[in-house]
Amino acid sequence: MKLPKEFCQKYQKLMGDHAEAFLKSFDREPTQGFRINPLKAHTPIEEKLDDPIPWAKWGYYGKVRGRTVDHQSGAVYDQEPSAMYVGTVVDPKPGEKVLDLCAAPGSKTTYLASLMNNQGLLVANEIIPKRAKVLASNLERFGVTNALTLNEPPHKMTKSFKRYFDKILVDAPCSGEGMFRKNPEAIKYWSLDYPKKCAERQRKILNQAVKMLKPGGTLVYSTCTFAPEEDEQVIAWLLDNYDFKTVPVKKYPGMLGGQPQWANHNPELKNAVRIFPNRVKGEGHFIAKLQKGTQGSPKKIKTQRSNVPHRDRDLWNQFAKKDLVDFQPKNLIEFGRQLYAYNPDIPNLKKLQVVSPGLHLGTLKKNRFEPSYALALALHPDQVKHHVTISIDEWKKYVHGDTLPVDPKLPKGWYQLICWKQPIAFGKVVQGTIKNFFPKGLRFLVR
Ligand SMILES: C[S@@+](CC[C@H](N)C(=O)[O-])C[C@H]1O[C@@H](n2cnc3c(N)ncnc32)[C@H](O)[C@@H]1O
């Protein structure tokens, strides 16, 4: 790989004798990995699960193909192995309030949701509108039911979430040096000054994150770059300017601590972790964990009220009674004619740019309720009364947008479609045909 000359010189100066092995590692193939989804009914069947990643629950080395049942149903999620360690370090627990501030496309958010077992509140935010939509779509596919997805610059969130979260992840936008192997295009953006510019933005993001963390809460800061300006130096700045202390992050074989000599020699920086691709099977990451001082008290916020009129609630209840088993979310909210289940701890949403307030249940039509794709992917087959099992060929037709023939004796109504034991969508059976309700924007052709 052709690396910029100044890049090589910089790391030769920083690393001395170790630079050669580091720079040579850019010529090797990128390491690939995936996580299986504990929120789903069954483990995926196409992927080999024989090479586990030691630092990631549900993580394996290997490649996941797109356009497969396992991928479409959300049974697997493609993620670079070193990036998986971030979720492990955040260590969110079911029931906690967790913020993923720079979340798209959602690789780390989906891992956080797995660790939380969909319990508690996970706020997933992304500043770029298009990426925020991709984030929401990936969370749907993964069957995440406890997320509020936002599209905000961090400073617009602080009023709503003052001293609110137990845990915050800032997976910061960075110069992406650890992405060079996977995406050589990233090299084009690199210059000697680029890490400094990125660090400025990272400090601005952290200034806001700090306000949203409750006293005693933990903050995880991560980047996929090797630049000390964006790694140790940002953490040194945080320690100098705010009431935080570092929390030691476990080092698996090959992982190194943060390098105090690359910042202000603060020995606390050793508590962070550095993953270099020449020492660990992964693309590279920097991860620091910090705990906020306990001064001050968590702030009470004005929470969101349900806004669903009786008539609409009845439409949902009729559907739930006829088609679902023991699935009665208590807190419902309408956005236009879209109905969602939401976590009652969320703040009033009026002043926030919401992509999704929670689990999308479906659409309120004039006299009926139409269940969503998200609901089909979130519900275990035991929670749905009627199913049709389809073959892989039928699956290919359905995800392409075609209707499917079915036993004409099958009563009219909603059916969860199952392929390889995985729920893949809802379909409506009408006189021997399964009408296609696969979302138009997600349809694809499998050859
Ligand atoms: C490293 S990526 C996040 C990757 C994501 N956590 C994952 O694991 O899939 C950083 C994200 O921060 C977003 N971002 C860019 N500028 C930002 C800003 N000023 N504040 C917050 N997020 C920003 C980018 O659009 C990008 O999606």
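About the criteria used
- Residues numbered from 1 in each chain as written.
- Predicted model: local features only at pLDDT ≥ 70, side-chain atom pairs only at ≥ 80, totals over all residues.
- Helix = DSSP H or I, 4+ residues; strand = E, 2+ residues; numbered from the N terminus.
- Rg over C-alpha atoms; globule rule 2.2 N^0.38 Å.
- Buried ≥ 20, exposed ≤ 12 C-beta atoms within 10 Å, placed from the backbone.
- Contact = placed C-beta atoms within 7 Å.
- UniProt positions renumbered as here; feature names shortened; annotations may be inferred.
- Pairing = 2+ DSSP bridges.
- Near = placed C-beta within 6 Å.
- Nonpolar A, V, L, I, M, F, W, Y, C, P; charged D, E, K, R; others polar.
- Domains from an automatic or database assignment.
- Axes fitted to C-alpha atoms, helices over the stretch in contact; angles between N-to-C directions.
- Left-handed = near helix turned anticlockwise from the far one by under 90°.

Caption draft 1: Spotlight on the overall build of the chain. Helix and strand content of the chain: eleven helices and 22 strands. In terms of C-alpha radius of gyration, the chain reaches 23 Å, essentially the compact-globule figure of 22 Å for 447 residues. Across the 447 residues that make up the chain, the buried fraction comes to 47%. Considering only contacts within the chain whose residues lie at least 6 apart along the sequence, 72% involve residues at least 24 apart.

Caption draft 2: Quick peek at the UniProt feature "domain: SAM-dependent MTase RsmB/NOP-type" (unreviewed entry) in the chain. Summarizing the sequence annotation, UniProt attributes the feature "domain: SAM-dependent MTase RsmB/NOP-type" (unreviewed entry) to residues 1-293 in the numbering used throughout. Segment residues 1-293 splits into 29% helix and 20% strand. End C-alpha atoms: 45 Å apart.

Caption draft 3: Quick look at the UniProt feature "active site" (unreviewed entry) in the chain. As annotated by UniProt and renumbered to match this structure, "active site" (unreviewed entry) occupies C224. Tracing the sequence through the fold places C224 in the loop between β8 (213-223) and α8 (232-241). Setting aside its immediate chain neighbours within four residues, C224 contacts A83, C174, G176, G178, M179, E283, G284 and H285.

Caption draft 4: Fine view of α8. Among the residues of α8, E232, Q233, V234, I235, A236 and L238 are the ones counted as buried. Against α7 (194-212), β8, β9 (244-247) and β12 (285-292) lie the buried residues of α8.

Caption draft 5: Local environment of the sheet that holds strand β20 (residues 413-419). Reading across the sheet, the five strands line up as β18-β20-β21-β22-β19 and stay open at both edges, with mixed pairing between neighbours. Each having just a single partner strand, β18 (387-389) and β19 (404-405) make up the two edges of the open sheet. Bridge count for β19 against strand β22 (residues 433-435) is two bridges, and the pairing is antiparallel. Within β22, the position partnered with P405 by the bridge is T433.

Caption draft 6: Structural view of the site of the ligand. In the neighbourhood of the ligand, 18 residues make up the surrounding shell, with C102, S107, K108, D171 and P173 lying closest. Among the elements of the structure, α5 (107-116) and α7 are those that each provide at least two residues to the shell around the ligand. Partitioned by chemical class, the residues of the shell around the ligand number eleven nonpolar, two polar and five charged.

Caption draft 7: Inspection of the environment of E177 at higher detail. Counting through the fold element by element, E177 comes out in the loop between β7 (165-171) and α7. For E177, the residues in contact, after removing those within four places along its chain, are T225, F226 and A227.

Caption draft 8: Geometry of the domain arrangement of the chain. You can read the domains of the chain as domain 1 (5-292), domain 2 (303-352 + 362-380) and domain 3 (386-447). Inter-centroid distance (C-alpha atoms) of domain 1 to domain 2 is 32 Å. Listed per partner, the contact involves 15 residues of domain 1 and eleven residues of domain 2. Secondary structure elements with two or more residues in the side of domain 1 that touches domain 2: α6 (129-142) and β6 (147-150). Its residues placed into classes, the side of domain 1 that touches domain 2 shows five nonpolar, six polar and four charged.

Caption draft 9: Local environment of the pairing of strand β16 (residues 359-364). For β16, a buried count of five out of six residues is recorded, marking the element as mostly surrounded by other parts of the structure. Here strand β14 (residues 338-341) pairs with β16 via four bridges, running antiparallel. Looking at β16, one finds that L339 is bridged to G362. One ladder, built from three bridges, connects β16 with strand β17 (residues 369-371); its direction is antiparallel. What sits directly across from L364, in β17, is F369. Counting the residues that bridge the hairpin from β16 to β17 gives four residues.

Caption draft 10: Inspection of the packing of α5 against α6 at higher detail. Running from N to C, α5 and α6 point in directions that differ by 35°, and their axes come no closer than 10 Å. The two elements α5 and α6 cross, and the hand of that crossing is right-handed. Each of T109, T110 and A113 in α5 lies in contact with α6, whose residues at this interface are L135, N138, L139 and F142. A class-by-class count of the residues in the contact of α5 with α6 yields four nonpolar, three polar and no charged.

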